[in-house]
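Structural overview for review
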Amino acid sequence: MGKRHLGAGLAVGALLAASLAVPAGADDGIRSGYSYMTPETKGMQDDDFQNPGMIWVDDGEKLWNTVDGKAGKACATCHKDAATSMKGVATVYPKYDPKIKKVKNIEWQVNNCRTERMQAKPWKYESGQLLAMTVYIRHQSRGMPMNVSVDGDAIPFFQAGEKFYNQRRGLLDMACKHCHADNAGKNARANLLSQGQTNGFPVYRLKWQKAGSTHRRFRGCNKQVRATPYKAGSDEYMNLELYVAWRGRGLPVETPAVRN
Amino acid sequence: MGIRTLAVAAMGVALTLAVHGDAAAAESVKYKVVDESSIPKSLTGKPGDPKKGRALAINRKKGNCLACHVMPIPEQPFHGNIGTDLNGVGSRYSEGELRLRVVDPKVVNPDTIMPAFYKTAGLHRVLKKWQGKTIIGAQDVEDIIAYLKTLK
């Protein structure tokens, strides 16, 4: 990686692009959505100056340092520099929280800090702020392998997610597994089906023209088969998010990834 | 952004037989599966129209068979390859076998991704606007069968 760029004396952009290039996959045939993208889309993701998702990273950094709520605190008040305190966090979320006896994701944890420690209002799911903060936090783990825990107390939640993944739904009567396990790599008309991995989320999706959360994607995939989706932030999607993160174990965090 | 990327992005999710379909038909016709392999009798008693059937196979909100199958429809780009190539399918199966595979392919393969195009029973969390509806109507099924029979 990157040696020839080092000698080339090119712009910093090229150097970054080389050092951040994402490996095509991890072990066991587990493949990132990145590996199914066109060279153009991959190029957009690889170059921080072209990657439209980087705007959410910048916005997230500002919010990280902004005091909000009655307690007069910012995220940085407690967590200091995100580059160290948030490094690796994305690799272990969603995770079981013994206090709520459920699985929580990063969005949930951000809002919990806001209400409990900052005495600030929670951000709405899919709001610009919650997306930016989630992108910013996950970005601190870019390149690190996904490694969620599915042992111990997490087991029943993992199993619920697995059941969801394999259950047919909607008028088209399809489960997640029909598209993303049984038929990954095949074409559904112009769409190349990927394994439906979440390592790049929140992703910048060209079709959306903005960043979007894992739960937004789940809702979209549910509606596609004409099934009633669950609410973003619902227990059902938390469990599903845990299961899907486990399917992608070992894949590098890519946030903010660029997808079609 | 490359032109190809743009084209793909604009295409959106083609598979989705999309959210704004015309009102689909309810499952009003009863049919009989024979030997778990065939529905020999027409659903409507009216002959199918192969021209209409071909159009339904293309229509993303109706059959959308092209989402998953290669078919002899050269003017349409991007045929899916999830299912079998349907070239010659009219010689491989009888009319009744074809009908079963469109009406309820899960009788043949319980694990298949292919939707049952004329079935309302046993579904989970169907969106309200589609509840009690089938993906296509009984005459649509017959039109598609008439078209598949021409694929010799």
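Residues numbered from 1 in each chain as written. Chains lettered and ligands numbered in written order. Predicted model: local features only at pLDDT ≥ 70, side-chain atom pairs only at ≥ 80, totals over all residues. Heavy atoms only, no water.

Things to note about the layout of surface pockets
Residue and element names in this part refer to chain B. Of the pockets and cavities examined, the second largest pocket occupies roughly 650 Å³. Along the walls of the second largest pocket sit 31 residues, with His-69, Thr-84, Leu-86, Arg-101 and Met-114 positioned nearest its centre. At the level of secondary structure, the elements contributing two or more residues to the lining of the second largest pocket comprise helix 3 (89-92), helix 4 (95-103) and helix 5 (138-149). Ranked by residue count, the leading element in the lining of the second largest pocket is helix 4, at three residues. Along the lines of polarity and charge, the residues of the lining of the second largest pocket split into 22 nonpolar, seven polar and two charged. (1 Å grid on protein atoms, 1.4 Å probe; cavity = no way out; pocket = protein on both sides within 12 Å on 5 of 7 lines; lining within 4 Å. Points joined across faces, edges and corners; volume = space filled by probe spheres on them. Helix = DSSP H or I, 4+ residues; strand = E, 2+ residues; numbered from the N terminus. Nonpolar A, V, L, I, M, F, W, Y, C, P; charged D, E, K, R; others polar.)

Digging into the interface of chain A and chain B
Contact residues are listed per partner, giving 34 residues for chain A and 43 residues for chain B. Carbon and sulfur atoms make up 57% of the surface buried where chain A meets chain B, a total of about 3,600 Å² over both sides. The largest share of the area that chain A buries against chain B comes from Leu-171, Arg-189 and Arg-226 of chain A, three residues that together contribute 27% of it. Counting every contact that joins chain A to chain B gives two salt bridges. When the shortest N-O distance is used, the salt bridge between Lys-106 of chain B and Asp-173 of chain A registers 3.1 Å. Of all elements in the fold, only helix 3 (39-46), helix 11 (176-180) and strand 3 (187-188) of chain A reach the threshold of two or more residues within the side of chain A that touches chain B. Grouping the constituent residues of the side of chain A that touches chain B by class yields 12 nonpolar, 11 polar and 11 charged. (Contact = heavy atoms within 4.5 Å. Buried area = accessible area lost by both parts, 1.4 Å probe. Salt bridge = Lys/Arg side-chain N within 4 Å of Asp/Glu carboxyl O.)

Quick word on the pattern of salt bridges
Residue and element names in this part refer to chain A. For the coordinates displayed, the defined rule picks out 14 salt bridges over all chains. Among the ionic pairs, Asp-182 bridges to Lys-177, the shortest N-O distance being 3.1 Å. Between Arg-259 and Glu-254 there is a salt bridge, with the nearest N and O atoms lying 3.1 Å from each other. For Arg-259, a relative accessible area of 11% corresponds to the buried category. Assessed through its relative accessible area of 0%, Glu-254 is described here as buried. (Buried < 20%, exposed > 50% of the residue type's maximum accessible area, 1.4 Å probe, protein only.)

Quick notes on the packing of aromatic side chains
Counting across every chain of the model gives 12 aromatic pairs over all chains. A centroid spacing of 5.4 Å and a plane angle of 50° characterise the contact between Phe-158 of chain A and Tyr-243 of chain A, whose relative ring orientation is tilted. Placement of Phe-158 of chain A in helix 10 (residues 155-166) and of Tyr-243 of chain A in helix 13 (residues 235-247) is noted, with a sequence separation of 85 residues between them. Taking relative accessible area as the criterion, Tyr-243 of chain A reaches 7% and is therefore assigned buried. Taken together, a centroid distance of 5.6 Å and an interplanar angle of 55° make the contact between Phe-164 of chain A and Tyr-230 of chain A tilted. Within this pair, whereas Phe-164 of chain A is found in helix 10, its partner Tyr-230 of chain A is found in the loop between helix 12 (214-224) and helix 13, the two being separated by 66 residues in sequence. Residue Tyr-230 of chain A is classed as buried on the basis of its relative accessible area of 16%. Within the aromatic cluster, the residues linked to one another by ring pairs are Phe-158, Tyr-165, Tyr-243 and Trp-246 of chain A. Geometry around Trp-246 of chain A places Arg-249 of chain A over its ring, the cationic atom sitting 4.0 Å from the centre. Cation over ring: Arg-125 of chain B sits above Tyr-230 of chain A, and NZ or CZ is 3.6 Å from the ring centre. (Phe/Tyr/Trp six-rings, centres within 6.5 Å; stacked < 30°, edge-to-face > 60°. Lys NZ or Arg CZ within 6 Å of the ring centre and 35° of its normal.)

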